Amino acid sequence: MRGEPSCPKCGGRVRAPGLFADSWQCDVHGTVHPLQPVIPPSVEALSVVVHRTQVPVWMPWPLPVGWLFTGVACAGDDRSGGRATAVACSGPGPLGGMGELILVAEELGVGLGARYAGIDGPDPGPYMNVEKPPQAKVLAGGRPTPLWHVTGAPDDRAVFAGEARGLWLWAVVWPEQTGLLMYDELVLTDLRDAGAEVDLVPCGALSPRLLKP
């Protein structure tokens, strides 16, 4: 059973387009891009999202040593295509123990990244001080991309955000000390550009963080 689409901002039920509305509706957040049911991680699941999305599907590639792909989520429908993607990876943290990372690419206002970050959304702008130097940098699609620390998130995670390819890029890391990973200038690849290399992605068990941030 695949489950039903849900609101990317709150996880609540959504109503499909019908006689009275030509878009998906959440009782709390109004018009939304529906979050599609999360399915277990596999190369096939990843390929489905890669081929239907309108936004990047960011993944650290190559993955850090010992890390695995642990799930993908997509917000959008068949008509509009994916308007937000979330890729989860898990592996050994820099200070020991297991770490988890969710990378979100999304259009303005979708609200999926804010939900994983645990802040009132939909966008990270109010929680970032871009007047200060960025706290982390990644190489996203071959371009140096600054990321700022996002304040207001729960203590169990570290949250960074910035802009890549004209869209929001969020990095949400559990536990908080695994955020050190973000200071190593991670190389992020948009899997839409990866071609056959997608078949080489090592898969682990589905991350519960994707289901319940």
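Calculation notes
Residues numbered from 1 in each chain as written. Predicted model: local features only at pLDDT ≥ 70, side-chain atom pairs only at ≥ 80, totals over all residues. Heavy atoms only, no water. Pairing = 2+ DSSP bridges. Helix = DSSP H or I, 4+ residues; strand = E, 2+ residues; numbered from the N terminus. Axes fitted to C-alpha atoms, helices over the stretch in contact; angles between N-to-C directions. Contact = heavy atoms within 4.5 Å. Core = buried A, V, L, I, M, F, W, Y, C linked by side-chain atoms within 4.5 Å. Buried < 20%, exposed > 50% of the residue type's maximum accessible area, 1.4 Å probe, protein only. Salt bridge = Lys/Arg side-chain N within 4 Å of Asp/Glu carboxyl O. Phe/Tyr/Trp six-rings, centres within 6.5 Å; stacked < 30°, edge-to-face > 60°.

A.B. asks: When you look at the sheet that holds strand 5 (residues 68-77) in this model, what are you seeing that I'm missing?
C.D. replies: Neighbouring strands of a sheet are bound in pairs by backbone hydrogen bonds; such pairs are parallel or else antiparallel. The mixed open sheet is built from nine strands, whose spatial order is 4-12-8-9-10-11-7-6-5. Either end of the sheet is taken by a strand with one partner, and the two such strands are strand 4 (58-60) and strand 5. Neighbour to neighbour, the strand axes of the sheet diverge by 25 degrees on average, direction disregarded. Where strand 8 (residues 136-140) meets strand 12 (residues 187-190), two bridges bridge the pair, whose relative direction is parallel. Its bridge partner lying in strand 12, Ala 140 is registered against Leu 188. Helix-sheet contacts for helix 1 (residues 43-52) involve strand 4, strand 5 and strand 6 (81-92), and the interaxial angle to strand 5 is about 35 degrees.

A.B. asks: I would appreciate a short explanation of the nonpolar core in the present structure.
C.D. replies: Core analysis: the largest hydrophobic core is formed by 38 residues, its most contacted members being Leu 46, Met 59, Leu 101 and Met 182. Among the elements of the structure, helix 1, strand 4, strand 5, strand 6, strand 7 (98-106), strand 8, strand 10 (158-164) and strand 11 (167-174) are those that each provide at least two residues to this core. When neighbours within four sequence positions are excluded, Met 182 is seen to be in contact with Leu 101, Ala 136, Lys 137, Val 138, Leu 147, Phe 160, Ala 171 and Val 173. The next biggest cluster of nonpolar side chains, apart from the first, holds 26 residues, and it includes Val 38, Ala 88, Ala 153 and Trp 170.

A.B. asks: Which parts of the structure should I look at to understand the sheet that holds strand 1 (residues 14-15)?
C.D. replies: Spatial strand order, 1-2-3: three strands in an open sheet with antiparallel pairing. Whereas interior strands pair on both sides, the edge strands pair on one side only; in this sheet they are strand 1 and strand 3 (30-31).

A.B. asks: When you look at unusual backbone geometry in this model, what are you seeing that I'm missing?
C.D. replies: For residues that are not glycine, phi is negative in most cases, and the peptide bond is trans in most cases. Residue Pro 62 is bonded to the preceding Trp 61 through a cis peptide linkage, with omega at 5 degrees. Here Pro 62 shows up in the loop between strand 4 and strand 5. The peptide bond linking Trp 174 to Pro 175 adopts the cis configuration, its omega dihedral lying at -20 degrees. Mapping Pro 175 onto the fold places it in the loop between strand 11 and strand 12. For Glu 185, which is not glycine, the phi dihedral falls at a positive 50 degrees. Looking at where Glu 185 falls in the secondary structure, it is placed in the loop between strand 11 and strand 12.

A.B. asks: Explain the pairing of strand 8 to me, please; I cannot follow it from the model alone.
C.D. replies: Consecutive residues of a regular strand have side chains that alternate between opposite faces of the sheet. Side-chain alternation along strand 8 places Ala 136, Val 138 and Ala 140 on a buried face and Lys 137 and Leu 139 on a face that remains uncovered. Relative to strand 9 (residues 143-149), strand 8 runs antiparallel, the two being bridged by five bridges. In the sheet register, Ala 136 faces strand 9, and the bridge partner there is Leu 147. Count of turn residues in the strand 8/strand 9 antiparallel hairpin: two residues, of which Gly 141 carries a positive phi of about 60 degrees.

A.B. asks: It is not clear to me how the pattern of salt bridges should be interpreted in this structure. Could you clarify?
C.D. replies: As a working rule, side chains carrying opposite charge can pair if their charged atoms are close by. A complete count under the given rule lists nine salt bridges for this structure. Linking Arg 13 and Glu 4 is a salt bridge whose minimum nitrogen-to-oxygen distance equals 3.8 Å. Each of the two residues, Arg 13 as well as Glu 4, counts as exposed. One salt bridge connects Arg 83 with Glu 107, and the closest N-O pair in it is separated by 2.8 Å.

A.B. asks: What is the right way to read the packing of aromatic side chains from this model?
C.D. replies: Following the criterion strictly, the structure yields one aromatic pair and no others. Taken together, a centroid distance of 6.0 Å and an interplanar angle of 85 degrees make the contact between Phe 160 and Tyr 183 edge-to-face. With Phe 160 in strand 10 and Tyr 183 in the loop between strand 11 and strand 12, this residue pair connects regions lying 23 residues apart in the sequence. Judged by its relative accessible area of 1%, Phe 160 falls in the buried class. Classification of Tyr 183 by relative accessible area gives partly exposed; the value is 45%.

As far as function goes, none of this settles anything; it's purely spatial.
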